[in-house]
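One letter stands for each residue in the lines below.
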Protein chains: 2
Amino acid sequence: MKASWIAVDWGTTNFRAFLMSDTGECLDKIQQAKGLLSVDQDQFPQVFDELISRWNGIYGHLPVIMAGMVGSQQGWCEVPYVHTPASAQDLANNIHSVDLLSGNKAKIVSGVRCINAFGNPEVMRGEEIQLIGLGEIIKCDFNAILFGTHSKNAYWCDGKIESYSTVMTGELYSLLVNHSILGKSLPEQVFNKDVFIKGVEIGNKYPLNHVLFSARTFKLFDDVQDTNIHTYISGLLIGHEFIISNRLNKLYLVGSQKLASNYALALEHLNIEFDVIDGDECFLKGMTKIYSKDESNEY
Amino acid sequence: MKASWIAVDWGTTNFRAFLMSDTGECLDKIQQAKGLLSVDQDQFPQVFDELISRWNGIYGHLPVIMAGMVGSQQGWCEVPYVHTPASAQDLANNIHSVDLLSGNKAKIVSGVRCINAFGNPEVMRGEEIQLIGLGEIIKCDFNAILFGTHSKNAYWCDGKIESYSTVMTGELYSLLVNHSILGKSLPEQVFNKDVFIKGVEIGNKYPLNHVLFSARTFKLFDDVQDTNIHTYISGLLIGHEFIISNRLNKLYLVGSQKLASNYALALEHLNIEFDVIDGDECFLKGMTKIYSKDESNEY
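A brief structural summary. Predicted, not measured: the structure shown is a model, and the values here were computed from it. (Residues numbered from 1 in each chain as written. Chains lettered and ligands numbered in written order. Predicted model: local features only at pLDDT ≥ 70, side-chain atom pairs only at ≥ 80, totals over all residues. Heavy atoms only, no water.)

Re the overall build of chain A
Scanning chain A from terminus to terminus reveals eleven helices and 14 strands. Taken across its 299 residues, chain A has 55% of its residues classed as buried. Sequence-distant contacts in chain A: of pairs separated by 6 or more residues, those separated by 24 or more amount to 63%. Summed over all atoms, the accessible surface of chain A reaches about 12,400 Å², with 44% contributed by carbon and sulfur. Positive and negative side-chain charges in chain A, numbering 24 and 35 respectively, have mean positions lying 2 Å apart. (Helix = DSSP H or I, 4+ residues; strand = E, 2+ residues; numbered from the N terminus. Buried < 20%, exposed > 50% of the residue type's maximum accessible area, 1.4 Å probe, protein only. Contact = heavy atoms within 4.5 Å. Areas by Shrake-Rupley, 256 points an atom, 1.4 Å probe, with all protein chains shown as cover. Lys, Arg positive; Asp, Glu negative; His and termini not counted. Charge placed at Lys NZ, Arg CZ, Asp CG, Glu CD.)

Rendered as structure tokens:
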């Protein structure tokens, strides 16, 4: 298979480039902890050139299409958000060009904004690609959770991202275990399934901040071992994420396998049908789709 | 008025002693940032003696009665919790003695535990005194919120602390503004009433972690100014605290005047009748009541 183009996921903390064949296969990958936070704003062309220099020598210039925070105010070039409902074609129509060191162009895909079910504005950069990719895989309407630091609960309808909302599950977990009284003075933590489910049940039933303190009192009365407190907090937060049930019959979990197992346990317990889909697979399917829809072809 | 006894509130961060008359008036006060965290566990008698040395010289030995975390595992002496329902007499019956440097005794009041409305265990040390005091002031059943780092939502019935639950409003606020992405890179913050009410409305209506991220997106779209983000987060969290309505007609707010004004704004907006009662007044009324009920009189 011939190397044909490059798909890039450039986020706040990581840079990942995928060498793609003309049939949408990934032939090679370059990954570095070289996210936006470690790049001066006028150095993006230089840094990009260095990051993919290994391929430049072999393949010469290939079309480059990028997504993620690289299109934000803090990125290479700010690309305005497309509003929902948003299809692959909408994203392709709103793609932006930036200049590479070589004089060629690279493309940056816009993010997607919406007003969520609570009437609040929402923004995403990067996850929209995974949703487009998942749409290619599923080929019907779906609900998906793109879990992580800021989990996105999305609804895909008629070939478009219809709406989504953000739940700060990952970040709140990190705050609580690292900085709160709940996470203080704990021994080394181990995962415990029963404790996780206990957290899921409580978090799924009651207002979050009215039950968080139980992570401390359960420990005090040995209802939860001090080695399982992180597990319990994780259960509370994931249970809380599913406190709203406005979904179709089946839920798709998109993300890393490791975290997926916790979500899977929670969903099994809550009797919600689900399937786990690899996040990178979705990303590459989505980028391939958008690349195919970009008719300007000026790379 | 004659100095008759000493009431002490000894918590994790602060030490406060009140010189009381035989008619329950506070004649003098000693306050120092000398909480449990800064006292070695075998040094309590020495530290106490130094802290109130100003009074020792004038009044000689006076009965001392203490409450707060001083009765916890990390304190002077661990005093077991009394279970709800708990009256002033129950607390007096379970008071513990410790030895002072002088050879005299001081008393430590127990904390109170319960199982809250969500089936989770709860503990308090210090707030039970304020509730006893509030019971003396109100003289009928009531709901009260003792707000602070860990806000206690309590129900007083038939002269006893019937039940309560803990909401981590103060701590979660501190985590979010100091350590989360929501609080990052903000200019100096000012309070704004409209923004606060906006937060209260949203926090009072929707699951907390499903709306927290709006503190970021509202800023992004200038719906909330970047100088009012702390205000908005405070509104969300206080609104969330009132998401459960299982209260009597009127709510009593106990705590410092400064924070009370935010709670008062929220309650006015939510059409909940309330009254603000000074926390120290409640504490001293509560200690006076318990002191009067302690029949052992061995000080």
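A look at the interface of chain A and chain B
In this assembly, 41 residues from chain A lie in contact with 40 residues from chain B. The three residues of chain A that bury the most area against chain B are Asn209, His210 and Phe213 of chain A, which together make up 20% of that side's buried surface. Viewed at the interface, chain B and chain A are joined by zero salt bridges. Where chain A touches chain B, the interface holds twelve residue pairs in polar contact (both at pLDDT 80 or more). When contributions to the side of chain A that touches chain B are tallied by element, the ones reaching two or more residues are strand E9 (121-124), strand E12 (160-167), helix H5 (169-179), helix H7 (208-211), helix H8 (214-220) and helix H9 (229-241) of chain A. Here the side of chain A that touches chain B takes six residues from H5 of chain A, the largest share from any one element. (Buried area = accessible area lost by both parts, 1.4 Å probe. Salt bridge = Lys/Arg side-chain N within 4 Å of Asp/Glu carboxyl O. Polar contact = N/O pair within 3.5 Å; in protein donor to acceptor, adjacent residues only side chain to side chain.)

Quick word on the sheet that holds strand E8 (residues 112-115) of chain A
Residues and elements named next belong to chain A. Pairing in this open sheet of three strands is mixed, and the strands run E5-E8-E9 from one edge to the other. Of all strands in the sheet, those with a lone pairing partner are strand E5 (82-83) and E9, marking the two edges. Sheet topology places E8 next to E9; four bridges connect them, and they run antiparallel. Each bridged residue has a counterpart across the sheet, and for arginine 113 the counterpart in E9 is valine 123. (Pairing = 2+ DSSP bridges.)

Considering the environment of isoleucine 65 of chain B
Residues and elements named next belong to chain B. Here isoleucine 65 lies in strand E4 (residues 64-67). Spatially, the C-alpha atom of isoleucine 65 lies 16 Å from that of glycine 35, the residues being 30 residues apart in sequence. Setting aside chain neighbours within four positions, we find isoleucine 65 in contact with Trp5, Ile6, Ala7, Val8, Ile95, Lys107, Val109, Met287, Ile290, Tyr291 and Tyr299.

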